[in-house]
Each structure stands twice: as structure tokens, then as C-alpha cells.
Amino acid sequence: MDELVVGTYEGFLLGYSLRTEDEVTKIKQTFATHSHTASVRCISIAGKFLASGGTDDKVVVIDLKTRKEHTVLMNHDGTVNTVAFTHNGTHLLTGSDDGSIIVTRTGNWQIEKVWKKAHGGQPVTAIAVHPSNKLALSLGGDKTLRTWNLIKGRPAFTINLASKGIVMPTEIKFSPGGDRFSLISQQTVDIWKISQAGLEKRITCTSKPSAVQWTSDEQVYVGLENGNILTLSISETQAQTYPAHKQRVKCVFFENNILYTASSSGELKVWSVNENKLKELCSTNASCRVTCVTLNRQSYLIKKEDTEEEIDKDEKLESNPEETDPESHEDSEEDNKTPHKRKVGAFVTISYGDNEEVKKDTESPAKKKKRRRNKKPKNKNKE
């Protein structure tokens, strides 16, 4: 079961998962850690690693398999406002109040690139990595949107958002396909299209938007400060409104037709999405002020098991070995000859055949001459 990870203002990281008991879906806490000495501002997950940044100027990396702290990165001199893994999990991008963006390689956690004044020395507020892992977008205190070429490791171009009528942008997110991205400002949500290289649609909200979540390349959910959730399509002009929380919707996350929402008061709710209609499944209270939410997809922990059909076939072959065709018998012999996959960290053994005669026949003439010389008896000492 996938796991919801929540960062809080009190410095805690909390984990929750959905469980069904007596045909009733409940959300239960799975872990809690207090790795930060101040509030958690941002979290990101890739594979088994969870990275969280906070106002204590550090990035904490946790191994979700062992549930232990893996490493702590002290590369910034200010509040870490945003952390973002690349989608293949090879690098971690972090942005801070010190105005720098740092690219760190996962595994050895060595710094590969530093842009000290990414936004002219102003704070970096948000980073989003494109699904292709070739570029990233960042927002800063200089009211600009900057594009970074992750292949060449250099800035690509800059857009002045003030000239586009966007004031104080706070969040940026890519659509699943990567052709669109959303920008949140004071009262609007702007949808940009990369293929058009400009603004495609502007959504004006009745209350200040606080969070955006893409469900597809056409559908988007918007959390508002008054506690409501908007759902709308890019091609449509009207939006549907659902009352979700009594206080501000702080975070929205969508996965597998399930929508996770969190309010600033600590209330967590899980909704099932069916034809863009929301139905509440369960809720709980974290007893903390929620600042950020992400999902730990645990599909990499599931081992591949044999299907029932494969097991039945194996049983039939074991019970009736004579009934098998000769062709299938030859195929099985070939399969037995194929080398097995090596284990992680194990030595690689190479076998060229069991018979020594085969080895001798395949030897080159030079090797045969060398072997004959070695077989010649040594000169005996004169009596």
C-alpha cells in the first residue's frame, strides 16, 4: 500500500497509509520522525529516498526501507524552500533563501553543480523538474521564471513574470505529459503551454489558491484558502466546487484515482475520484500544522511472484515428463545452459564448457605451441 508522507510546522515527518478493516477504509499512522530542529518546508521522494528541507538550513535524507536517517546535507546558508528529485532519481535539486540552486548526485551525495545567484541573489522559492529530466523550472524573489538545462548544466532562458501580469508566484507544477505547467499567484492559476511558449489559460478564483494538482494533461485540482477544492478541465470554462476543509487547503496530491488533501490545521482527508466527482473515504488529524505532502510509492518493494498459470504448467511438466515434446525438451536444455543472473555484489563466474576437449579444439595455434613448449622436459643436470 502506498504511503502518505506529511511535513509539519513543528519539524515532524509523519507517515500514513490506507487500510481496510471490516470493509471500512481507515487511514493509520505508520511512522513519525523528528529529524529537523525547525519547521519542514518541502519534501520529495524518489525510490527509497525521502529528502526534506526546512528552516534549519539543512536537507535530511531518509532511507524509507530501513526507516533510518541516511545522510544530512548542510550545503545551504539559509532556509531550504524547495527540494526536487529528478524523475529517474539520479539527482536532487535544492533551492534556498541564500539564492543558490545546488544539484547533488544521489548515492554518494556529492555536489555536481552550484548556481550561486540563480535569481540574482534573491531567494529561490520553487523548483519543478520536467518529466523528461532534461530541464527544470525555478521561481525566485526577483519575480522571474528561469529555465535550466540539466544536460549541459547551465541556464537556458528567463521570463519576466511581472510583464505577464503575474504577481508573487508561489508554486509551479508540470502536467504528467510535460507539455503544460501551472503557476499560482495571488488570485489566479495560470496554465502555460510549452509548445506555444506562453500563457494558455488564466483561472481566476473566488479565494486565494494555495495548491494545484494535475490528474491528467487536461484535468487539474485547485485547493483554496477558504477550504474548498476546485476541479476543472483546461478546455472548459466552468469549474466544480467541493467543500473539503474548514480551513485553508495546504496540500493536494493525486495518485491511482485517489485524492489526498491536507489543511493547515492538520486535518488529512482521502477522496475517491470517479468521473471527476469526489467522495470522501476517510479522514484523520495529524495534531500538527501541515506544510507539505507527498506520496511514497512502494511498488519497488513488491517482489514479482509467479502467476497461477505458470505454477500449473510447472506442476504438469514435473508429473508427466514423458509427455513433453522433444522440441520443448531441447528448449529446456538450452534454458539450462544459459547463465544465471548474478546477485548484487557477487563475483561473476564465466563458464566456457565442461569438457576439456572442447577447450583444446577452440584454442588458437599460438596457444597450442606455447603449451607444447611448457610440456618439454627440462634439461637434466650433467652427472
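Residues numbered from 1 in each chain as written. Predicted model: local features only at pLDDT ≥ 70, side-chain atom pairs only at ≥ 80, totals over all residues. Heavy atoms only, no water.

Peer 1: Give a description of the overall build of the protein chain that names residues and reports values.
Peer 2: The helix and strand tally for the protein chain stands at 4 helices and 28 strands. Out of the 383 residues in the protein chain, the part that is buried amounts to 42%. By sequence separation, contacts in the protein chain at least 24 residues apart represent 39% of the contacts at least 6 residues apart. Summing over all exposed atoms, the protein chain offers an accessible surface of approximately 23,300 Å²; the carbon and sulfur share of this is 46%. (Helix = DSSP H or I, 4+ residues; strand = E, 2+ residues; numbered from the N terminus. Buried < 20%, exposed > 50% of the residue type's maximum accessible area, 1.4 Å probe, protein only. Contact = heavy atoms within 4.5 Å. Areas by Shrake-Rupley, 256 points an atom, 1.4 Å probe, with all protein chains shown as cover.)

Peer 1: Describe empty space enclosed by the protein, and please don't skip the residues or the numbers.
Peer 2: According to the stated counting rule, one finds 1 cavity of 30 Å³ or more in the structure shown. Roughly 30 Å³ of internal volume is contained in the largest cavity. Around the largest cavity sit Asp2, Glu3, Leu4, Tyr16, Ser17, Leu18, Ile27, Tyr260 and Leu295, which together line it. Taken together, the elements giving at least two residues each to the lining of the largest cavity come down to β1 (3-8) and β2 (13-21). (1 Å grid on protein atoms, 1.4 Å probe; cavity = no way out; pocket = protein on both sides within 12 Å on 5 of 7 lines; lining within 4 Å. Points joined across faces, edges and corners; volume = space filled by probe spheres on them.)

Peer 1: An account of the UniProt feature "repeat: WD" (unreviewed entry) in the protein chain is needed here, citing residue identities and associated values.
Peer 2: UniProt feature "repeat: WD" (unreviewed entry): in the numbering of this structure it lies at residues 73-103, 124-158 and 242-281. In the segment residues 124-158, helix accounts for 0% and strand for 66%; the C-alpha atoms at its two ends are 14 Å apart. End-to-end, the C-alpha atoms of residues 242-281 are 14 Å apart, and along that stretch the chain is 0% helix and 70% strand. (UniProt positions renumbered as here; feature names shortened; annotations may be inferred.)

Peer 1: Give a detailed account of the pattern of salt bridges, specifying residues and quantitative values.
Peer 2: Scanning the model with the defined rule gives 9 salt bridges in all. Asp63 is the salt-bridge partner of Lys48, the closest N and O atoms lying 3.7 Å from each other. Of this pair, Lys48 sits in the loop between β4 (40-46) and β5 (49-54) while Asp63 sits in strand β6 (residues 59-63), placing them 15 residues apart in sequence. By relative accessible area, which is 31% here, Lys48 ends up partly exposed. (Salt bridge = Lys/Arg side-chain N within 4 Å of Asp/Glu carboxyl O.)

Peer 1: Let's hear about the side chain of Thr104: which residues, and what values?
Peer 2: Take Thr104: it is sitting in strand β10 (residues 101-105). Those residues in contact with Thr104 that lie beyond four places of it in its chain are Leu73, Asn75, Thr90, His91, Leu92, Trp109, Gln110 and Ile111.

Peer 1: Mind laying out the packing of aromatic side chains, listing which residues take part and the relevant values?
Peer 2: All chains considered together, the criterion is met by 4 aromatic pairs. An angle of 65° between the planes, with centres 5.9 Å apart, marks the rings of Phe174 and Phe181 as edge-to-face. Both residues of the pair, Phe174 and Phe181, count as buried. By the ring-pair criterion, three or more aromatic residues cluster together here, those being Phe174, Phe181 and Trp192. Taking the ring centre of Tyr9 as reference, the NZ or CZ of Arg289 above it sits at 4.3 Å. (Phe/Tyr/Trp six-rings, centres within 6.5 Å; stacked < 30°, edge-to-face > 60°. Lys NZ or Arg CZ within 6 Å of the ring centre and 35° of its normal.)

Peer 1: Run through the pairing of strand β12 (residues 124-129), naming residues and quoting values.
Peer 2: Summarising burial for β12: 5 of the 6 residues are buried, a large majority. In the sheet, β12 pairs with strand β13 (residues 135-140) via 5 bridges, with the strands oriented antiparallel. Counterpart to Ile127 in the pairing with β13 is Ser138. In sequence, β12 turns back onto β13 through a hairpin of 5 residues, with Asn133 there showing a positive phi of about 65°. (Pairing = 2+ DSSP bridges.)

Peer 1: Tell me about the side chain of Ser138, residues and numbers included.
Peer 2: Looking at the secondary structure, you find Ser138 in strand β13. What makes Ser138 buried here is its relative accessible area of 0%. For Ser138, the side chain forms a polar contact with the side chain of Trp148, separated by 2.8 Å. Once residues within four sequence positions are removed from consideration, Ser138 is found in contact with Ile101, His119, Ala126, Ile127, Thr144, Leu145, Arg146 and Trp148. (Polar contact = N/O pair within 3.5 Å; in protein donor to acceptor, adjacent residues only side chain to side chain.)

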